[in-house]
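Results of the structural survey
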Amino acid sequence: MKKIAFNIAVILVAILLLIIIVPKIFNFLFPPKISMVGTTITIANIQEISQLYITQYYGEVINSLTEENCKENILEIFTLYDQIKSYLDSLGPINYDKNSLKAFKEKFVAEDQKFKDKWNTLIDATLNKNNETRLLKYIYENDKEQFEAAYYDAVISEVRDNSKIKSKDEIAYLARGKVSVSIDLSAAKTDNLTVNSEGTLTVKTPLIIDCIINPQFIYGKTAKGHVVNYPGFVVIDNTKKSTREEVVENVKRVKLGCKLKMIDQALSKVNDEKDPPLAKSCREAEKKLLSFFKLFKTYKYQEGDTEKEVEIKNVKLEITGLTSGSPSLQKWLPEIKKKIW
Amino acid sequence: MSGGKMTPHPFLVKKPSISRFTMGSIVIPVILGLLLCSFSGCRRSVDKSSMVNKIKHIAKLATVEFKLRKIIFAEKKKKFFFFGLGKATYVSWVEPLIKAGVDISKITPNDVSIDEENKLITIQLPPIEIIDYNFNEESIKVDYSLTKDKVLNRFNLNDMEIINRNADKDIRTYLNFLGIREEAEKSTRSFFTSFFNSLGYNADISFKSTSQPLLFFDMDREETEDGGAQ
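Residues numbered from 1 in each chain as written. Chains lettered and ligands numbered in written order. Predicted model: local features only at pLDDT ≥ 70, side-chain atom pairs only at ≥ 80, totals over all residues.

Side note on the overall build of chain B
Along chain B, the regular secondary structure elements total 3 helices and 8 strands. The buried share of chain B, reckoned over its 230 residues, is 26%. Partitioning the contacts of chain B with sequence separation of at least 6, the portion at a separation of at least 24 is 81%. (Helix = DSSP H or I, 4+ residues; strand = E, 2+ residues; numbered from the N terminus. Buried ≥ 20, exposed ≤ 12 C-beta atoms within 10 Å, placed from the backbone. Contact = placed C-beta atoms within 7 Å.)

So, the overall build of chain A
Each helix and strand counted, chain A has 11 helices and 11 strands in total. Every one of the 341 residues in chain A was classed for burial, and the buried ones make up 28%.

Focus: the packing of helix α3 (residues 65–91) of chain A against helix α8 (residues 244–270) of chain A
Residue and element names in this part refer to chain A. Remark: α3 packs on α8, axes separated minimally by 9 Å, with the N-to-C direction vectors making an angle of 80 degrees. Judged on the interaxial angle alone, α8 and α3 are roughly perpendicular. Contact with α3, carried on its side by L65, E67 and E68, involves N250, R253, V254 and G257 of α8 and no other residues of that element. When grouped by side-chain class, the residues that make up the contact of α3 with α8 number 2 nonpolar, 2 polar and 3 charged. (Axes fitted to C-alpha atoms, helices over the stretch in contact; angles between N-to-C directions. Parallel < 35°, antiparallel > 145°, perpendicular 65-115°, else oblique. Nonpolar A, V, L, I, M, F, W, Y, C, P; charged D, E, K, R; others polar.)

Observations concerning the pairing of strand β5 (residues 120–125) of chain B
All names here are of chain B. Alignment of strand β4 (residues 112–115) against β5, held across 4 bridges, turns out to be antiparallel. Paired with V112 across the bridge in β5 is I123. If you look at the hairpin formed by β4 and β5, you'll find 4 residues sitting between the two strands, and K119 has a positive phi there, around 50 degrees. (Pairing = 2+ DSSP bridges.)

Looking at the confidence of the model for chain B
Residues and elements named next belong to chain B. Per-chain confidence: chain B averages 77 in pLDDT, with 71% of residues scoring 70 or above. At the level of individual helices and strands, chain B shows its lowest average pLDDT in helix α1 (residues 20–39), which scores 53, and its highest in strand β3 (residues 97–103), which scores 94. Confidence drops under pLDDT 50 across residues 219–230; counting only partners more than four residues distant or on other chains, this segment forms 24 contacts. Scoring the predicted complex yields pTM 0.77 and, for the interface, ipTM 0.78. (pLDDT = per-residue confidence, 0-100.)

Quick look at unusual backbone geometry
Residue K119 of chain B is not a glycine yet carries a positive backbone phi of 50 degrees. For N136 of chain B, which is not glycine, the phi torsion reads 65 degrees and is therefore positive.

Here we look at helix α6 (residues 132–141) of chain A
Of the residues making up α6 of chain A, those classed as buried are L135, L136, Y138 and I139 of chain A. For α6 of chain A, the angular spread of the buried residues around the axis is 160 degrees, confining them to a single face. (Arc of directions from axis to C-beta.)

Observations concerning the interface of chain A and chain B
How big an interface is tends to be stated in terms of accessible area lost as the parts join. On the chain B side, the residues contacting the 75 residues of chain A number 84 residues. Take the side of chain A that touches chain B: its biggest share by element is 20 residues, from strand β2 (residues 41–64) of chain A. The residue inventory of the side of chain A that touches chain B, partitioned by class, reads 39 nonpolar, 20 polar and 16 charged.

Quick notes on the pairing of strand β1 (residues 54–80) of chain B
Relative to β1 of chain B, strand β1 (residues 33–36) of chain A runs antiparallel, the two being bridged by 4 bridges. Counted as the bridge partner of K33 of chain A is K77 of chain B from β1 of chain B. Bridge analysis of β2 of chain A against β1 of chain B gives 14 bridges, and the strand direction is antiparallel. The partner of Q51 of chain A across the bridge, within β1 of chain B, is A62 of chain B. Relative to strand β2 (residues 83–94) of chain B, β1 of chain B runs antiparallel, the two being bridged by 10 bridges. Looking at β2 of chain B, one finds that K70 of chain B is bridged to V94 of chain B. Two successive antiparallel strands, β1 of chain B and β2 of chain B, enclose a turn made up of 2 residues, where F81 of chain B displays a positive phi of approximately 55 degrees.

Focus: the nonpolar core
Ranked by internal contacts, the top residues of the largest apolar core, which has 70 residues, are I54 of chain A together with I98 and A100 of chain B. Those residues in contact with I98 of chain B, other than ones at most four positions away along the chain, are F66, L68, I130, Y133, L175 and I180 of chain B. The next biggest cluster of nonpolar side chains, apart from the first, holds 14 residues, and it includes I77, L136, Y138 and V155 of chain A. (Core = buried A, V, L, I, M, F, W, Y, C linked by C-beta atoms within 7 Å.)

Quick look at the sheet that holds strand β8 (residues 202–207) of chain B
Paired through backbone hydrogen bonds, the strands of a sheet run either parallel or antiparallel to each other. Residues and elements named next belong to chain B. The strand order β4-β5-β8 describes an open sheet built from 3 strands, whose pairing is mixed. Where the open sheet ends on each side, the last strands, each with one partner, are β4 and β8. Here the strands of the sheet are splayed against their neighbours by 15 degrees on average, with no regard to which way each runs. Two strands pair when backbone bridges link them, and β5 and β8 are joined in this way by 6 bridges, in the parallel orientation. Counted as the bridge partner of I123 is I205 from β8. Its contacts with the sheet put helix α3 (residues 180–199) on β5 and β8, and the angle it makes with β8 is roughly 150 degrees.

Thoughts on the environment of E286 of chain A
All names here are of chain A. Tracing the sequence through the fold places E286 in helix α9 (residues 279–294). When the 17 C-beta atoms within 10 Å are taken as the criterion, E286 is described as partly exposed. Residues E286 and T202, spaced 84 residues apart in sequence, show a C-alpha to C-alpha distance of 9.7 Å. In contact with E286, other than residues within four places in its own chain, are V315, K316 and L317.

A closer look at the confidence of the model for chain A
When pLDDT is averaged along chain A, the result is 80; 85% of the residues meet or exceed 70. Ranking the elements of chain A by mean pLDDT puts helix α5 (residues 113–126) of chain A last, at 70, and strand β3 (residues 171–184) of chain A first, at 92.

What about the environment of I62 of chain A?
All names here are of chain A. You can see I62 is positioned in strand β2. On the basis of neighbour counts, which here come to 15 C-beta atoms within 10 Å, the residue I62 falls in the partly exposed class. Along the backbone, I62 and A175 are 113 residues apart, and their C-alpha atoms lie at a distance of 6.2 Å. With sequence-adjacent residues up to four places away left out, I62 is seen in contact with A172, L174 and I236.

Examining the packing of α3 of chain A against α6 of chain A
Residues and elements named next belong to chain A. Packing of α3 against α6 leaves a shortest axis separation of 9 Å and a crossing angle of 85 degrees. Considering the angle they form, α3 stands roughly perpendicular to α6. Seen from α3, the contacting residues are Y81, I84, K85 and L88; seen from α6, they are L136, I139 and Y140.

Structure (C-alpha cells):
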C-alpha cells in the first residue's frame, strides 16, 4: 500500500514538474492574465509639413533573426570582396575544389591574422564549411555588383531551406504593413516650382519613401460597418535564450528587416519592364497634380522683367533625390536607391 | 361534486409544449437564413488576402505631423491552483507619429470659385483625415528598472506584442479627442493660403463637414490599381 502511495506521489510530482518546466502546458492549465494600466496620451510636438502621398502599397512579409544575422555577415563579405578578389587573381585560374581552397587558405588566410579572423567569423556565422569553395568561385567569376546580387540570393535562399543554419536565439515574425511614397510639396512655396510659357509646371522634389508596420495592421470599422482586426506583427518563432535587453534589440533588428523586405516587395510590384520602379507612380501623381492645378485656371510666371499668365497644361515631377521619414531607414537609403535608379 | 370543478390528476395534465409545426416554423427559417447569409456575403468579416499586395495611387496632402507620447504600463498575473505567482510588470514609452491633411483628389470644380475682380479664390476642402498613422515601434524605450519578471510569471515576446496591440488600440480610440482635426484645419488653411497668395489671389477656405471619425479603414471606397476595391 505504501509503495502504491509512493508511486502515485512520484507521478504527481513528475507531472507538476513537467507542467512547470514546459511553459506551454503551464500556460494552458493556468492561463495568465495581462491587464493594461490606463495611461494618458499627450501631444509632444506639432509640426507643419507639406507632404503629398502619391503611392501606397500594402504588403505581408516574413523575417527572422537568422536571416538578419546572415545578411549582416554577407554585408561583411562584400567589404572583403576586393581583398579576396586580388588574392584569387594572384593565384591564377584554379579549380574550385578542396585542394584549391586549401592552397588559398595556406597562402592568405594563415598569413594574415586580421583577414583570418574575419574570414573564420564569416564562414562560421554564414555558411556551412562546404560552401567556402562556392564563395571563392562566386568572387572569382563575378564582378562586385554581380557577386553581391548572386551571392546574397544564393545564401539567403539556402538559409531558408536549411534548418541547420539557425541562430541560437531565434525570433521570427510575420509582418503586415504599408509602404508609402510621397513628395515634398513645400517646394510649392519656393523656387523649386517653375512654369514655362508652354504651360508646363515643373516641381522639383525629393521622393520620400517610408514603411509603417503597426501592432495592428487594420483595426476598426469600415464605412460599411465591417469590423476588421488584423495584427501587424505575429510571432512565428521565439526561442528564449537571451536576456530581455538582447531580445528587445533583436526584435528591433528583425522588425527593421521586415520593413526593408516590404519596401523591396513594393518596389518589385511597381516595377515595370520598360519603366524604372516608381516611374508609373510619378506619372499618376503628375496626372493628379495637373487636375488639381487646372482648378485654378492660370498660373503666373516670370519672363524677363514681365510677369505673364499661362494655363497649366502639363505637370512634371523632377525627382531630386531619395529620403525617408524613418530614421532607421536612412542607413539603408543607398541600397533602396540602387533598386530605384 | 356536482357543479364543482374536477381537478385532474397531475400526470394527466398535458404540459404546454411547442408543437412540431411551431418548432419547424422557427428552426427552418433560421437555418435557411444562416445558409443564405453565408452564401450572400452577409458575414461581418473581410478577407485579409484581398488587402495585401496591392498598389494604390493617391493624392493625399499631409499638412501637419503630431508626435504623441504614451506610457505603456502592463501587469501580468498568474495563478498556480489557488496560489498567486506574483505580479510581473512591464513599463515602456512610445512616441506615435500622426500625419493629417486632405485628399486633394476629392476637390472638384464645384468646390472652387474664382473672383477675378477681387482676386479671391473661395474653396471648400474635403474633411480632414488621418493620412498616416505610425505607432512608431522604433521609438519604444523599455524601462528595465520598472519592468520585472517573476519566477514562473515572465513577459514573453507574445505578451509584448499583445501589450503593443492594446496600446495601439488605445491610441486609435483617443485620436478623435486630441484636437487633431482643428490643428490640421489650421495648417491646411495656412498651406493653401500661401499657395494661393503665390498665384496672386487671396483665399477663403472652408472644410466640408463630416460625421465620420478621423481614423477608420475606408476599405469600401478605396480603389486599387487592379481595379478592385480593397
